[in-house]
Amino acid sequence: MKDKLKKMPKTWLDNLITYGMVIIVFLLVQMFISRGLVSNLLQGLLVPLCVYVILAISLNLTVGILGELSLGHAGFMCIGAFSGAFFSKVMADIITVTAVRFTLAILVGALFAGVFGFLIGMPVLRFRGDYLAIVTLAFGEIIKNVVNALFVGVDSRGFHFSLKDSMSLGLEADGDVIIKGALGIIGTPRNSNFTVGIVLVLITLFIVLNLINSRDGRAIMSIRDNLIASESIGINVTKYKLMAFSISAALAGVAGVLYSHNLNSVAATPKNFGYNMSIMILVFVVLGGIGNIRGSIIAAVVLTLLPEMLRGLNNYRMLIYAVVLIAMMLFNWSPQILAWREQHSIKDFLRKRRKVQ
Amino acid sequence: MISLITYLINGISLGSVYAIIALGYTMVYGIAKMLNFAHGDVIMVGSFTVFWGISMQGFNPVLSVLLSIALCITLGITIEFIAYRPLRGAASSLVVLITAIGVSYFLQNIALLIFGANTKSFTSLINFGPVRLFEGQIIISGETIATIITCLIIMVCLTLFIKKTKPGQAMLAVSEDKGAAQLMGINVNGTITLTFAIGSGLAAIAGILLCSAYPSLSPYTGSMPGIKAFIAAVFGGIGSIPGALIGGILLGVIEILGRAYISSQMADVIVFMVLIIVLLVKPTGILGRKLQEKV
Amino acid sequence: MALLSVNNLSISFGGLRAVDDFNIQIKKGQLYGLIGPNGAGKTTVFNLLTGVYRPDEGIVLLDDKNITNLKTMDINKCGVGRTFQNIRLFKKLSVLDNVKVGLHNRFHYNTFEGILRLPKYRRLEKMMNEEAYRLLEVFDLDGEAKLSAGNLPYGKQRKLEIARTLATNPKLLLLDEPAAGMNPNETKELMETIRFVRDNFAMTILLIEHDMKLVSGICEELTVLNFGKILISGETNAVLNDSRVITAYLGE
């Protein structure tokens with residue numbers, strides 16, 4: 001029995017490879033930048049790349065580990081982006097140390113997105129499959145549309161909210177409108193950079209991987225594999241569904257803060273926080289392998305970089321995504337194709353040949 | 001008061017379009033137990049075909065409409081055959097849903113490559129003028145009348161088809177129990193194909209009506225109405241044909257009233273809230289039935 | 001003194017009385033069989049006992065505690081474990097992790113201790129591993145601990161399901177057709193395992209089974225269910241030789 005226990009660190013090694021991969025890529029990119037080998041275009045992509053990677057890892061927690069499809073992930077990113085940027089802008093003169101302010105902004109973004117994940121998850125997570133997908137999509141769109149119509153101002157009397165226009169905020173003369181409806185937040189401090197992005201990717205990885213390999217993670221995965229059995233052995237299904245969903249939302253919020261602090265201004269448009277974004281993140285997760293954390297990192301990086309590198313392909317990029325997505329689903333899940341793969345697997349083929357020899 | 005009546009009529013008209021689209025969702029969901037996410041994009045393909053026929057090729061409108069319906073039916077059958085049928089019996093319903101999202105993506109991007117991202121202006125096919133009531137206080141456009149009448153005709157025909165014909169009865173049987181239907185000698189695959197064909201044909205009609213009333217056309221035209229029509233189907237009770245009609249019209253009215261009295265952005269929020277509230281209060285919708293997993 | 005005491009348990013599905021006036025008393029340490037033709041309502045009884053369905057009428061007492069309308073999860077915490085007719089394992093998890101999920105409510109550390117890998121996490125995970133291996137060894141599954149549960153052969157999947165349930169430390173174990181799909185040798189081995197579990201874990205066991213050899217071999221008492229109603233209850237041999245039981249199984 002002793003030696004069996006010793007074999008435990010296999011997942012540990014697996015995780016180490018994932019961390020190592022991220023760190024090595026980071027070091028290589030830094031080296032290339034210092035030698036001037038990285039184009040401006042590519043440098044501009046580094047932070048968005050980290051944003052996508054965090055989004056993909058966090059969505060994989062819901063889709064791959066909890067086993068429920070969410071089509072509203074961009075909505076949580078939106079909440080993180082706005083709450084983080086709002087905090088930074090309000091605190092710009094109060095907390096002058098950038099590092100402290102930005103760290104707090106990230107925590108604020110994660111907290112807000114996490115709380116919304118919890119509040120939305122409570123009524124919604126009783127649904128499964130198609131219904132959950134469409135309900136999360138609905139919530140994502142609601143968030144985006146409400147934020148798009150939201151006006152928030154601050155004056156000596158405190159915060160003022162409106163869904164109509166900045167006039168109806170009724171600000172005092174010294175007041176300042178911070179969130180301007182469809183214009184969003186203008187003049188966010190650009191605190192994000194590649195190093196911060198990578199650190200956040202590593203923290204996300206740390207949280208998700210360690211969660212998976214803990215008591216709570218096993219409970220979450222047991223719900224994915226068989227909800228009824230899970231209840232029958234005393235797992236609090238509601239609690240763990242909510243836990244996975246809220247952590248996933250909070251991490252999407254972190255990605256949002258990173259995103260909004262990489263721009264001069266942030267506005268809620270269908271393109272950045274709409275369900276098309278949610279679906280793009282889902283594509284990363286699916287192509288990287290549902291439940292495979294390392295896979296979603298690689299998919300997010302490759303699928304973002306490849307079309308940029310091959311500029312001519314850019315028009316076809318989404319089309320190629322779509323075709324690959326359909327092909328992957330058929331290849332990995334079609335019962336007939338699975339049966340065929342079982343019969344014609346390379347391992348079997350090699351084994352048979354060895355036997356013959 | 002007068003404006004309220006106008007809004008209601010517009011709402012019923014928009015709702016009729018939703019109802020026609022919702023039929024496609026509800027039939028496919030009832031029979032293949034899948035959410036065909038790409039259904040909304042078939043609408044877009046239908047509209048683009050008519051646009052291409054009339055505005056780019058100068059075809060006769062009737063010919064264009066027939067062409068559009070035929071193309072959408074073919075498209076629906078092809079999608080089912082290539083992307084969905086191989087996944088029948090797959091372990092998880094997520095798999096089919098993600099594939100359907102892939103198909104939706106595919107259709108949007110094909111349209112993007114062919115027609116570009118710019119919004120096209122769609123020429124309405126309805127050439128009879130508006131009807132004026134109460135000394136011109138209420139004006140009902142030709143599109144509105146055509147949409148409501150088309151929707152009613154479709155509902156009646158479809159109900160008769162399912163109640164009175166053999167393929168219609170086969171659909172009912174397959175939606176009830178696929179395995180048993182197969183044992184009774186019903187061609188399950190054929191029935192599912194037929195369902196997709198009808199749903200896609202209706203989507204083409206819905207697309208043409210939608211773009212006649214709201215004449216702007218882009219590769220993304222179909223996705224939002226598609227999602228809203230799905231909400232309508234859930235609202236009315238998924239799997240139920242009268243439910244699709246009721247859900248569609250209620251949703252259309254809610255949306256138009258919300259747009260008129262609150263704001264156009266909040267109208268969408270309200271529509272999505274309706275979905276969430278309906279699901280929380282009565283998950284089976286107005287006319288739906290309950291399903292439970294066997295332990 | 002009965003460990004499980006069920007009185008007048010009934011449920012209807014759309015007008016059909018699936019289980020009607022079901023009564024049973026099971027003493028601590030007993031091996032009790034629930035038999036009956038297909039569709040008699042045996043699994044429905046299990047679903048009622050474990051809170052999957054809410055009964056229309058009736059009371060379920062476990063150790064004098066009323067567990068009738070509790071949730072499935074809480075009924076398990078009170079001490080009822082079950083297996084399923086159609087095996088329900090966590091297929092993508094390893095054999096070891098399946099058992100460790102069963103240990104979930106017996107070893108507590110919180111989410112932060114888990115994510116930050118604090119000393120409590122390390123200590124409890126080690127204890128969980130030891131406990132899980134101890135259970136796996138009982139069922140001769142320790143060699144396959146690292147395999148995905150879905151890749152186990154059928155007979156071992158049934159055993160793993162029992163091991164996982166035992167991990168929750170139940171007082172009462174409900175086995176739903178444990179021998180289904182097993183060959184005679186496997187069934188014989190299973191009989192020994194069930195006896196072993198009863199003796200070594202001081203377990204009370206209620207099992208649904210069609211295999212008469214297994215039933216007559218290990219059950220001390222039987223209840224026969226037919227069309228949702230109890231046909232007869234009593235000592236095994238007496239029940240099996242009763243003419244009504246033979247009629248119920250073979251027809252007139």
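Below is a summary of the structure that appears in this document. Fair warning: this is a prediction, and the values are worked out from it, not measured in the lab.

Right, let's talk about the pairing of strand β2 (residues 158-162) of chain A for a bit. Within β2 of chain A, only 0 of the 5 residues are buried, which leaves the element largely exposed. Adjacent in sequence and paired antiparallel, strand β1 (residues 151-155) of chain A and β2 of chain A are bridged by 2 residues.

What follows covers the interface of chain B and chain A. Taken together, the 35 residues of chain B in the interface contact 36 residues of chain A. The biggest single contributor to the side of chain B that touches chain A is helix α4 (residues 93-115) of chain B, with 14 residues. Looking at side-chain class alone, the side of chain B that touches chain A contains 27 nonpolar, 7 polar and 1 charged residues.

So, about the environment of Asp56 of chain C. Residue and element names in this part refer to chain C. The topology assignment puts Asp56 in the loop between α1 (42-49) and β4 (57-62). With 44 residues separating them along the chain, Asp56 and Ser12 place their C-alpha atoms 7.2 Å apart. Beyond its immediate sequence surroundings of up to four residues, Asp56 is in contact with Ser10, Ile11 and Ser12.

This paragraph deals with the sheet that holds β4 of chain C. Two strands in a sheet stick together by hydrogen bonds in their backbones, pointing the same way (parallel) or opposite ways (antiparallel). Residue and element names in this part refer to chain C. The strand order across the open sheet formed by 4 strands is β2-β1-β4-β5, and the pairing between neighbours is antiparallel. In this open sheet, the two strands that pair with only one neighbour each are β2 (16-27) and β5 (65-66). In the sheet, β4 pairs with β5 via 2 bridges, with the strands oriented antiparallel. Along β5, the bridge assignment pairs Leu62 with Lys65. Here α1 sits on the sheet in contact with β1 (2-13), β2 and β4, set at roughly 70° to β2.

Residues and elements named next belong to chain C. With 5 of 5 residues buried, strand β8 (residues 204-208) lies mostly within the body of the structure. Side-chain alternation along β8 places Thr204, Leu206 and Ile208 on one buried face and Ile205 and Leu207 on a second face that is also buried. Judged from the 4 bridges that link them, strand β3 (residues 31-35) and β8 form a sheet pairing that is parallel. The residue of β8 that forms the bridge with Leu31 is Ile205. Sheet topology note: the strand β7 (residues 172-176)/β8 ladder contains 5 bridges and is parallel. Following the sheet pairing, Leu174 is matched in β8 by Leu206. Following the backbone out of β7, through helix α7 (residues 184-200) and into the adjacent parallel β8, one traces a crossover that is right-handed.

A word on helix α2 (residues 39-56) of chain B. Each turn of an α-helix holds 3.6 residues, which means side chains three or four residues apart point in the same direction. Residues and elements named next belong to chain B. Between its first and last C-alpha, α2 extends 25 Å over 18 residues, near the 26 Å set by a 1.5 Å rise per residue. Most of α2 sits inside the fold, with 14 of its 18 residues counted as buried. Following α2 by one or two positions, Gly58 adopts a phi angle in the positive range, close to 70°.

Moving on to the sheet that holds β8 of chain C. Residues and elements named next belong to chain C. Strand order in this open sheet of 6 strands is β6-β7-β8-β3-β9-β10, and the pairing throughout is mixed. The open sheet has two edge strands with one neighbour each: β6 (80-82) and β10 (229-235). Each strand axis lies, on average, 15° off the axis of its neighbour in the sheet, ignoring direction. Bridge count between strand β9 (residues 221-226) and β10: 6 bridges; the pairing is antiparallel. Bridge assignment links Asn226 to a residue of β10, and that residue is Lys229. Each of β9 and β10 is contacted by helix α10 (residues 243-250), which is oriented at about 130° to β10, the strand it contacts most.

Calculation rules
- Starting from 1, residues in each chain are numbered consecutively following that chain's sequence as written.
- As they are written, the chains are lettered A onward and the ligands numbered 1 onward, keeping that order.
- At least 70 in pLDDT is required for a residue's local features to be given in this predicted model, at least 80 for side-chain atom pairs to be given and counted, and no such filter applies to totals for whole chains, interfaces and linings, which use all residues.
- Three classes are used. A residue is buried when 20 or more other C-beta atoms lie within 10 Å of its own, exposed when 12 or fewer do, and partly exposed in between, with C-beta atoms placed from the backbone.
- Working definition: helices are DSSP H or I runs of at least four residues, strands are E runs of at least two. Numbering for both runs from the N terminus.
- At least two DSSP bridges between two strands are required for those strands to pair.
- Here, residue contact means that the backbone-derived C-beta atoms of the two residues sit within 7 Å.
- Each residue is assigned to one of three groups, with Ala, Val, Leu, Ile, Met, Phe, Trp, Tyr, Cys and Pro labelled nonpolar, Asp, Glu, Lys and Arg labelled charged, and all others, Gly among them, labelled polar.
- Orientation is described by axes fitted as lines to C-alpha atoms, over the contacting stretch for helices, and by angles from 0 to 180 degrees between their N-to-C directions.
- If the strands point away from the viewer and the path from the first strand over the helix to the second runs clockwise, then the crossover is right-handed.
- Any helix carries an expected span of 1.5 Å times its number of residues minus one.

These figures come from the coordinates and say nothing about function on their own.
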